[in-house]
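Residue-level listing of the chains:
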Amino acid sequence: MLFVLGCSSKEQTDTHTERLPKIAIAGIAIESSTFSPAVSEMDAFRVSRGNDIFNLYPFLADDTPNRNRADWFPALYARAIPGGAVTRDTYESLMEEMLDMLRENAPYDGMFFDIHGAMSVIGLDDPEGDMIVRIREVIGDETMISTSMDLHGSVSWRLAENTDLITCFRMAPHEDAMESKKRTVDNLLERLEGGMGKPAYKAWVAVPILLPGEKTSTRVEPAKSLYDKVAPIADQKGVVDAGIWIGYAWADEPRNQAYVMVTGDDQHQVTEGAAYLANSFWEVRKAFDFIAPTASLKESLDKAIKSEVHPFVISDMGDNPTAGGAGDVTWTLREILKRPEFQNPNGKSLIYASIPDADFVEKAIQAGVGGQVEGYAGARVDDRYSPPILLKGQVMAIEHGDPNAQTEVVVKVGSLSVIVTKRRKPYHRESDFTNLGLNPREADILVVKIGYLVPELYDMRADWIMALTPGGVDQDLERMEFKRINRPMFPFDQDMEDPDLQPKLVPVK
C-alpha cells in the first residue's frame with residue numbers, strides 16, 4: 001500500500017493514494033544490574049503518555065517533516081536511570097497500561113518501539129523479548145515494528161524474531177542517540193510510504209564477547225574503527241540498517257553478550273555484512289582496554305593530590321548509577337575522608353558527587369544553609385562494602401526540584417564538598433554543579449560516580465583516572481559471580497576456540 005505524504009484531498013484523488021500511515025509509539029527503557037541489591041520500582045520511572053511522548057523526540061515535534069508523514073498514536077513510554085532489577089509488579093503494571101493504550105487504537109501500519117535493551121525484571125528472563133511478544137499479541141503480525149536500542153543492549157533471538165527493523169547507537173558515549181532514534185523512524189516511514197513492506201532478510205549473529213562499556217568506547221581504538229565499519233554496510237543498496245551491540249556486562253542472563261544484526265532485501269548483502277561485522281569484532285577482541293588509566297582508589301588519590309592541574313577527575317566506577325549501581329555505596333567516600341590531605345579546610349579542594357540519603361537531606365534542611373549538620377548517609381541499599389557514613393559539616397547549599405535527585409544539599413567537611421541527594425542522581429553536566437554554587441573547573445579534584453566520562457566532563461577534565469572501586473557494576477568482571485551466561489565467553493575463557501559466526505537468518509513474521 002502507498003501512503004499519502006502531506007497531500008490535499010484533490011491530490012489524494014489524483015494520485016490514487018489512500019491515507020497517511022498509522023503508527024504507534026511505545027517502550028520501556030532501563031539498564032539493570034543483577035549484581036546490585038537495589039531494585040527499581042515504579043517511582044524510578046518517568047512515564048510519558050499520549051501526546052506528551054512527542055516532547056521526547058525533536059524530530060516528531062509539531063510541524064516537523066516526520067510529524068506530518070504519519071498519523072501518530074503515542075501510547076506509553078517509561079524511562080529510568082540505570083539501577084537494579086525491575087520488580088515484577090512494576091513491569092506488569094507498565095505493560096498492562098501500555099497494552100491497553102495500544103489496544104485502543106489498533107490496528108496500526110507501523111510501530112516505533114523505543115527500548116534500551118538491558119532491562120532485567122525479577123523472575124523474568126529477556127524482558128524486551130517478552131515485551132515485544134506481548135505487543136505483537138495486541139497489534140498483530142502485520143504491523144511493521146521498528147526498534148531503537150542502546151548499543152549496550154542485547155538482541156535476543158525472540159526480540160530479533162518479532163521486530164522487523166532495528167537500529168542501535170553507533171557511538172559511546174551516546175552522542176548519536178537522537179540521530180539513531182530518528183533513523184529508526186525514518187526507516188519505518190520509508191518502508192511504509194514506498195510500499196516495500198517488511199525487509200525480506202534479517203541476519204543475526206550472537207558474538208561470545210562480554211565487555212564493559214568502559215573498555216569499548218568508540219572514542220578510541222579498537223571500537224572506533226570497528227564502529228566505523230557499520231555505516232558502509234548499512235548504506236549498501238539492498239540493506240536497511242546494520243548494528244553492533246556491545247551488550248550489557250552486569251546482568252547474569254543467558255542473553256547477555258554481544259550481537260550483530262543486519263536487515264534488508266538483498267540476502268547476500270545482508271548476510272555478508274553481518275558476517276563481516278561479527279568477524280571484525282571477534283578479530284579485535286583482545287585489543288579492548290580501558291579508555292583511561294585505571295588504578296586502585298589509593299593510587300588514584302595519590303596521583304590526584306600530587307597533580308598540579310585541575311580539575312583532576314576520578315571516576316568512582318564500581319557504584320556508577322548510570323550503569324546500574326545502587327549509587328549509595330559509601331566505600332569510596334569513607335576512604336577519602338580518612339586522608340589527612342582533606343581534613344583541613346585549606347587542603348586540596350575535592351567535590352564528591354554524590355551519595356543519596358533522604359534522612360540526611362532532611363537534617364540538612366532543618367539546619368539550613370550555613371548551619372551545622374551531623375548524621376549518617378548512604379549504604380541504605382548497598383551496604384556490602386561499607387556501612388552508612390557519618391558526615392559532620394556545614395551546609396553550603398540546598399536546592400529543590402531536580403527531576404532525579406528531588407532535593408540536593410552540599411556539605412563542607414574539611415576541604416571536601418560532599419553532595420547528598422534525596423534520591424540518586426548522576427552528575428554529568430557542569431550545570432549540575434554550578435546550580436549548587438560549586439565550580440568544578442576550579443576544584444583540585446572532582447570525584448564522580450561514573451565510568452567513562454560523558455562529553456561535558458571529558459571536555460572539562462585537566463587529567464583523569466578511573467578508580468577500580470567496588471559496587472554493583474564492578475569493572476573487574478572476573479570478580480563477579482556469573483552463573484547463567486553462555487560459556488565459553490571471552491574474556492572469561494581466554495583460550496576458547498574461534499566460534500561459529502555464520503549469520504542466522506531470522507524468520508520474517
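Look a little higher up for the structure.
Residues numbered from 1 in each chain as written. Predicted model: local features only at pLDDT ≥ 70, side-chain atom pairs only at ≥ 80, totals over all residues. Heavy atoms only, no water.

### Looking at the sheet that holds strand E1 (residues 22-29)
Strand pairing within a sheet occurs via backbone hydrogen bonds; the two strands may be parallel or antiparallel. Strands sit in the order E4-E5-E1-E7-E8-E9 across an open sheet of six strands; the sheet is mixed. The sheet terminates laterally at strand E4 (45-49) and strand E9 (165-168), the two strands that pair on one side only. Adjacent strand axes in the sheet meet at a mean angle of 10°, parallel and antiparallel pairs treated alike. In this sheet, strand E5 (residues 71-80) lies alongside E1 in parallel orientation, the contact comprising seven bridges. Across the sheet, Ile25 pairs through a bridge with Pro74, a residue of E5. Relative to the sheet, helix H2 (residues 88-105) contacts E1, E4 and E5, its axis offset from that of E5 by approximately 175°. Its contacts with the sheet place helix H5 (residues 177-193) against E1, E5, strand E7 (110-114), strand E8 (144-149) and E9, and it is angled at close to 160° to E9. (Pairing = 2+ DSSP bridges. Helix = DSSP H or I, 4+ residues; strand = E, 2+ residues; numbered from the N terminus. Axes fitted to C-alpha atoms, helices over the stretch in contact; angles between N-to-C directions. Contact = heavy atoms within 4.5 Å.)

### A closer look at the nonpolar core
Core analysis: the biggest nonpolar cluster contains 98 residues, and Leu102, Met131, Ile135, Val155, Val207 and Phe433 have the highest contact counts within it. Ranked by residues supplied to this core, first place goes to H2 with seven residues. Those residues in contact with Leu102 that lie beyond four places of it in its chain are Ala24, Ala26, Ala75, Tyr108, Ile135, Val138 and Ile139. Core analysis: the next-biggest nonpolar cluster, separate from the first, contains 32 residues, Leu297, Leu301, Val395 and Val409 among them. (Core = buried A, V, L, I, M, F, W, Y, C linked by side-chain atoms within 4.5 Å. Buried < 20%, exposed > 50% of the residue type's maximum accessible area, 1.4 Å probe, protein only.)

### Focus on the sheet that holds strand E2 (residues 32-33)
In space, the three strands of this open sheet follow the order E2-E6-E3, with parallel pairing throughout. With partners counted over all chains shown, the strands left at the sheet margins are E2 and strand E3 (39-40), one partner each. Both E2 and strand E6 (residues 83-86) contribute to a ladder of two bridges, which runs parallel. In the sheet register, Ser32 faces E6, and the bridge partner there is Gly83.

### What about the environment of Asp265?
By the secondary structure assignment, Asp265 is in the loop between strand E12 (258-264) and helix H8 (267-283). A relative accessible area of 37% means that Asp265 is categorised as partly exposed. Remark: the alpha-carbon pair of Asp265 and Ala353, spanning 88 residues in sequence, is separated by 49 Å. Reaching out from Asp265, the side chain makes a polar contact with the backbone nitrogen of Ala200 at a distance of 3.2 Å. (Polar contact = N/O pair within 3.5 Å; in protein donor to acceptor, adjacent residues only side chain to side chain.)

### With respect to unusual backbone geometry
With an omega of 5°, the peptide bond running from Glu221 to Pro222 counts as cis. Here Pro222 shows up in the loop between strand E10 (201-207) and helix H6 (223-228). For the bond running from Arg487 to Pro488, omega is 0°, close enough to zero to count as cis. Positionally, Pro488 belongs in the loop between strand E21 (463-467) and strand E22 (504-505).

### With respect to the side chain of Asp164
Mapped onto the elements of the fold, Asp164 is located in the loop between helix H4 (157-162) and E9. Polar side-chain contacts of Asp164 include one of 2.8 Å to the side chain of Arg136. Polar side-chain contacts of Asp164 include one of 2.8 Å to the backbone nitrogen of Ile145. Discounting chain neighbours no more than four positions away, the residues touching Asp164 are Arg136, Thr143, Met144, Ile145, Lys198, Pro199, Lys202 and Thr263.

### Let's talk about the pairing of E9
Looking down a regular strand, the side chains alternate between one sheet face and the other. With burial as the criterion, each face of E9 is covered, one bearing Leu165 and Thr167 and the other bearing Ile166 and Cys168. Alignment of E8 against E9, held across four bridges, turns out to be parallel. Bridging across to E9, Thr147 finds its partner in Ile166. Once the chain exits E8 it traverses H4 before rejoining the sheet at E9, and the crossover so formed is right-handed. (Right-handed = clockwise from strand over helix to strand, strands pointing away.)

### Side note on helix H9 (residues 297-306)
Along an α-helix, a turn takes 3.6 residues, which lines up residues three or four apart on a common side. Within H9, burial applies to Leu297, Ser300, Leu301, Ala304 and Ile305. Looking down the long axis of H9, one finds its buried residues gathered within 130° of arc, a one-sided arrangement. Exposed residues on H9 whose side chains face more than 90 degrees from its buried face are Lys298 and Lys306. On the buried face of H9, the contacting elements are strand E13 (294-295), strand E14 (312-316), helix H10 (331-338), strand E20 (445-448) and E21. (Arc of directions from axis to C-beta.)

### Topic: the packing of aromatic side chains
According to the stated counting rule, one finds 12 aromatic pairs in the structure shown. Ring centres 6.0 Å apart and planes at 90° place the aromatic pair Tyr458 and Trp464 in the edge-to-face group. On the accessibility criterion, Trp464 (6% relative accessible area) is buried. Of note, Lys22 hangs over the ring of Tyr108, and the distance from its end group to the ring centre comes to 5.6 Å. In this arrangement the basic side chain of Arg219 is found over the ring face of Tyr458, its NZ or CZ atom lying 3.9 Å from the centre. (Phe/Tyr/Trp six-rings, centres within 6.5 Å; stacked < 30°, edge-to-face > 60°. Lys NZ or Arg CZ within 6 Å of the ring centre and 35° of its normal.)

Purely geometric stuff here, so don't read any function into it on its own.
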